[in-house]
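# A look at the structure
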Amino acid sequence: MATLSMEQVAALDLRRYLTPEDMRSFYEDANAKYNGKGWQEFGHFGTKTTNPVWGNIVKQGQLIPKASNISVGANKPLRSTAGWESYGGSIYKMGHGVAMDENDILRIRAVANGNTGKFADMMLETFVAKSEILTIGIHNQITSLAYKALSEGYIYDFSEDGTFIKEEQNIPGENKGKTAVSWFNYGADKWVENEAADPVQDLLDAQEFAENLPEPVPFDHWKMTKKMFKAFISHPKVVAKCRARINGLLNESYILQEAEILQYLHELGVASILVVDEKSAVEIDGKQKIDTASFYERNLVLCQSGTDLFEIKPMASIWEDISQRAQYGPEANFSFVGEQGVIAILNTWDIRKAYNRIEAEAWATPVITNPKHVLIYSADANYTFKNDQNVDSLVGA
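Owing to the predicted nature of the structure, the values given are computational and were not obtained by experimental measurement.

Attention now goes to the pairing of strand 10 (residues 221-225). Put simply, side chains in a regular strand alternate between the two faces of the sheet. Extensive coverage of strand 10 is indicated by the burial of five of its five residues. Burial along strand 10 is two-sided: the residues H221, K223 and T225 and W222 and M224 are all buried. Here strand 10 runs beside strand 11 (residues 272-276); their pairing, made up of five bridges, is parallel. Looking across to strand 11, one finds that T225 is bridged to V276.

Once that is clear, we can look at the confidence of the model for the chain. Summarising the model, the chain shows a mean pLDDT of 81, and 76% of its residues fall at 70 or more. The secondary structure element of the chain with the lowest average pLDDT is helix 1 (residues 6-12), at 46, and the one with the highest is strand 19 (residues 375-378), at 98. Residue range residues 1-12 is modelled with pLDDT below 50. Its contacts to residues more than four positions away, or to other chains, number 26 contacts. Across residues 78-84, where pLDDT falls below 50, the model places 16 contacts with residues more than four positions away in sequence or in other chains.

Read from one edge to the other, the open sheet built from five strands follows the order 7-19-14-10-11, with strand pairing classed as mixed. Each having just a single partner strand, strand 7 (176-178) and strand 11 make up the two edges of the open sheet. For this sheet, the mean inter-axis angle between neighbouring strands, taken without regard to orientation, is 25°. The strands that helix 5 (residues 199-211) touches are strand 10, strand 14 (299-303) and strand 19; relative to strand 19, the one it contacts most, it runs at about 155°.

Next up on the list: the packing of aromatic side chains. With the rule as written, the count across this model stands at 13 aromatic pairs. Both rings, one in F184 and one in W191, keep their centres 5.5 Å apart while their planes meet at 35°; by these two values the pair is tilted. Relative accessible area serves as the criterion here: at 2%, F184 is assigned to the buried category. Taking relative accessible area as the criterion, W191 reaches 12% and is therefore assigned buried. For the ring pair Y186 and W191, a centre distance of 4.9 Å and an interplane angle of 85° mean the geometry is edge-to-face. Comparing Y186 with W191, the two get one shared label, buried.

What sets the pattern is the α-helix's 3.6 residues per turn: residues three or four places apart point alike. The terminal C-alpha atoms of helix 5, which comprises 13 residues, lie 18 Å apart, in line with the 18 Å expected from a rise of 1.5 Å per residue. For helix 5, every residue scored as buried is listed here: P199, V200, D202, L203, A206, Q207 and A210. When helix 5 is viewed along its axis, its buried side chains cluster within an angular range of 160° and face the same direction. Summarising the contacts, the buried residues of helix 5 are in contact with strand 10, helix 6 (226-234), helix 7 (236-243), helix 8 (258-268), strand 14 and strand 19.

Conventions and cut-offs
Along each chain, numbering runs from 1 in the same order as the chain's sequence is written. Restriction of local features to residues with pLDDT of at least 70 applies here, the model being predicted, together with a cutoff of 80 or more for giving and counting side-chain atom pairs; totals for whole chains, interfaces and linings are based on all residues. Note: side-chain values were computed over all heavy atoms of the structure, leaving out hydrogens and water. Exposure classes here rest on a 1.4 Å probe applied to the protein chains alone. A residue is buried below 20% of its type maximum, exposed above 50%, and partly exposed in between. Per the convention used, a helix needs a DSSP run of H or I reaching at least four residues, while a strand needs a run of E reaching at least two, with both numbered from the N terminus. Only strands joined by at least two bridges in the DSSP assignment are considered to pair. Every residue carries a pLDDT, the predictor's confidence in it, which falls somewhere between 0 and 100. For this analysis, residues touch if any pair of their heavy atoms sits within 4.5 Å. The axes are straight lines fitted to the C-alpha atoms, using for helices just the contacting stretch, and the angles between their N-to-C directions are given from 0 to 180°. When two rings of Phe, Tyr or Trp (its six-membered ring) have centres within 6.5 Å they constitute a pair, described as stacked for plane angles under 30 degrees, edge-to-face for angles over 60, and tilted for the intermediate range. Between the first and last residue of a helix there are one fewer steps than residues, each counted as 1.5 Å, and that sum is the expected span. Note that the arc is computed from the directions linking the helix axis to the C-beta atoms.

Have a look at this one:
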């Protein structure tokens, strides 16, 4: 096989032509493509720390008692005031890398020559594409962890090429519930409607329950997966209740449209539905495939819109210290991108091996800002909420 000369290899190091600021701008452009998506729709970054432990303080809610009737000159009865709950956990490290070796570079050169293109332009194009894989991949992982926390009240994740993590979200037991009768018979490939269930009434009951908790749950919508949404609006009991809202409908064969069902659900009092349509990839044995859904498909979540639902607890990468206080080597280039520079990127180039490696890492853990401000509701009567013991059993820990 043809090989590259040392002169050619040296010319391929883009840092000969781009300043660290230029390279960082490419990473930032890739990072910006995620703006307003995934976790950013309902979460925000907290203040970056240098401690891999996070803490959360939540004010205890209380009902306000009425004032008492008292006699002239009598002392006023003192009321108790709400206290504060504190809890904490770990900030987890996530990361991955991409690389180009001599074979990759030879292929790029062949394509560039065949299309009368410039070799450097092809290298730059490849660099930009790989930057997107790294930065957006970090965001996808944060979103995945947030969806697990939101839909099950517990973060648990076992990467095929990584480590097992788990984190209790401290959602009170009264903020977790499930239907008495499963909405569906949940098969591996197909869900079959259970006509004994009444999904609409279940949601109305859950909303009323949430409103009457000691600390009511502020809400304006239900979150559910696309699969659950499609199954829910097709459930015979849901369709029948919506049809009953139509005055004078005699045509029994008339099929309600999705927009009509949503309209009648709203009239019945069901909060708006926000569909979670999550698609991300996982790489196993060098091959990419669609990852399993992070938002548990049989559960729904009642909550409020806005970016205060989650706080992403970040920690500074040790690469920040290395870049500021030590020399990693002449072939190393550091970039810190995204909000507060949380995503740390290291670009290294080995001229002798014609090998370029780019790695990205972030220390970040999503935490529900106030665990009392969500209600998790399972449409599976047999569902068991996660805890340390049954989560360990998932991976044989």
